[in-house]
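# Working through the structure, step by step
Given next are the chains, with one letter for each unit.
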Amino acid sequence: MSKTQIVGVKGRRVWDSRGRPTVEVDVTLECGAMGRAIAPAGASRGRAEAVDLRDGEETFGGLDVTQAISGIDGEISSALVGLDGVDQVAVDDTLISLDGTPNKARLGGNATVAVSMAVAHASAASEGVPLWQYLGGANAGPMPLPEIQIFGGGAHAARRVDVQDFMVIATGAEDFAMALDWTAEVYRAAGQTMEEQGLLQGVADEGGYWPAFDTNEAALDNLVAAIERAGLVPGDQVSISLDIAASEFGEAGLYRLGLEERELDSDALSDMLVGWTERYPIVSIEDPLGEDDEAGLRKFTAAVGNRIQIIGDDYLVTNARRVEDAAARSACNALLCKPNQAGTLSEAKAAADAARKANFGVIVSARSGETEDATIVHLAVGWSAPQLKVGSFARSERMVKWNEGLRVLEALPGGGRLPPRELFPWGQN
Ligand code: 2PG
Ligand code: MG
């Protein structure tokens, strides 16, 4: 019997940052090594992503996960015990065929992703190395450039503003720690200004300030002002990144801006966003048009894709095939890589590999429902993904990831060094 053979797979119900049930898994190998992982949960989900298995009964608003846990302790455990834990592809292929659906609907993407990540953790533990090192070996790193939310909106703030994430990227930072330092100052400055204006009303789902603004542009103006108030230069040291999450307020090329009570067609939304990129120091826009509006995405990419990053999240759903198609059609130029959208680590990695092959940017990302699980930081470093998105700079389910990054960099050759600027789409001109 190999020392890294899987001998135990056990699920348990734990709770996420929204107080909702989620799935935790412990995987044990023959040598005694143990790995643990917890599934995150999205609120603004792409139609084609792996779906969570939720009980749908009355308890916890239908969100309980007892069926997902039974599947883990029952058929998933039976199928995986005896497999070699270090053969991640074989483990993930077994999960995929055992589930048998295109979107993990039978066993639940929440079950499969937690199992898949726990197996990787156990295998890293069996070698006595951190996960990033187990995954990347000598090729691991550099540290990813953080993308950090300052104001939350959209589905994460009762649609108080239409745009979901108003974020900053410390485009001028010399290393990972400096990027966090600068962001901490911007976050603090934004909070001070909101307090002075009587707008401070707590935080949204990912820890960004609750956006008590009258227009989407007011949030952008406040963000620029916060960067300046922090003593930093907008567009030079710290730039703006947006997740429009347009599928949340639009369908079939028609978009409804609730805040401004305006209806826009695809061209009008696109023109509005192009205008923002001309007036504000924006370097990256995620899901600018809806997941079903590929024509709009192509037009937008043709208009600004040579100077900003255009990320597909709902549109790509961490799927290699979709990345290849998007590249062939020039519908965006970067992938948001969320392991639970795919349902296994191997599928998420395949999407990241396809993105790299297409010269796309890659941003490993958390979900709006998170926990103390910091696996994605190790994935970003181990897979050499150039960027990392985990929400804001507050609340422990977010800070656990940024803090894990600070620990990882101590052992990483190159320390906190960030990817070279010319690798980012906005740095190419
Ligand atoms: C997104 C994520 C994170 P959710 O849209 O990119 O901000 O949100 O996890 O709700 O899909
Ligand atoms: Mg998104």
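For the structure given in this document, a descriptive report is provided here. (Residues numbered from 1 in each chain as written. Chains lettered and ligands numbered in written order. Predicted model: local features only at pLDDT ≥ 70, side-chain atom pairs only at ≥ 80, totals over all residues. Heavy atoms only, no water.)

### With respect to the sheet that holds strand 7 (residues 250–251)
The strands making up a sheet associate through backbone hydrogen bonding, with each pair oriented either parallel or antiparallel. Note the cut-off: Only strands that DSSP links by at least two bridges are regarded as paired with each other. Comment: elements are numbered from the N terminus, with helices defined as DSSP H or I runs of at least four residues and strands as E runs of at least two. Throughout, a residue-residue contact means that at least one pair of heavy atoms, one from each residue, lies within 4.5 Å. Orientation is described by lines fitted to C-alpha atoms, with helices fitted over the stretch in contact, and by angles between N-to-C directions that extend from 0 to 180 degrees.
One open sheet accounts for three strands, arranged 7-8-9; its pairing is antiparallel. Pairing within the sheet leaves two strands with one partner each, and these edge strands are strand 7 and strand 9 (262–265). In the sheet, strand 7 pairs with strand 8 (residues 254–257) via two bridges, with the strands oriented antiparallel. Opposite Glu 251, over in strand 8, you have Leu 254 as the bridge partner. Here helix 7 (residues 266–279) sits on the sheet in contact with strand 8 and strand 9, set at roughly 100° to strand 9.

### A short note on the sheet that holds strand 2 (residues 21–29)
Ordered in space as 1-2-3, the three strands form an open sheet in which the pairing is antiparallel. Looking at which strands have only one partner, the edges of the open sheet turn out to be strand 1 (6–15) and strand 3 (34–38). With strand direction ignored, the average angle separating the axes of adjacent strands in the sheet is 15°. The pairing of strand 1 with strand 2 spans nine bridges and is antiparallel.

### Describing the packing of helix 2 (residues 88–99) against helix 11 (residues 345–357)
Put simply, the rule is: To sort the angles, those under 35 degrees are grouped as roughly parallel, those over 145 as roughly antiparallel, those from 65 to 115 as roughly perpendicular, and the leftovers as oblique. Side-chain classes follow a simple rule in which Ala, Val, Leu, Ile, Met, Phe, Trp, Tyr, Cys and Pro form the nonpolar group, Asp, Glu, Lys and Arg form the charged group, and the remainder, Gly included, forms the polar group.
Running from N to C, helix 2 and helix 11 point in directions that differ by 110°, and their axes come no closer than 8 Å. What the angle tells us is that helix 2 and helix 11 run roughly perpendicular. Together, Gln 88, Val 89, Asp 92 and Ile 96 of helix 2 and Leu 345, Ser 346 and Glu 347 of helix 11 make up the contact between the two elements. Taken together, the residues of the contact of helix 2 with helix 11 break down into three nonpolar, two polar and two charged.

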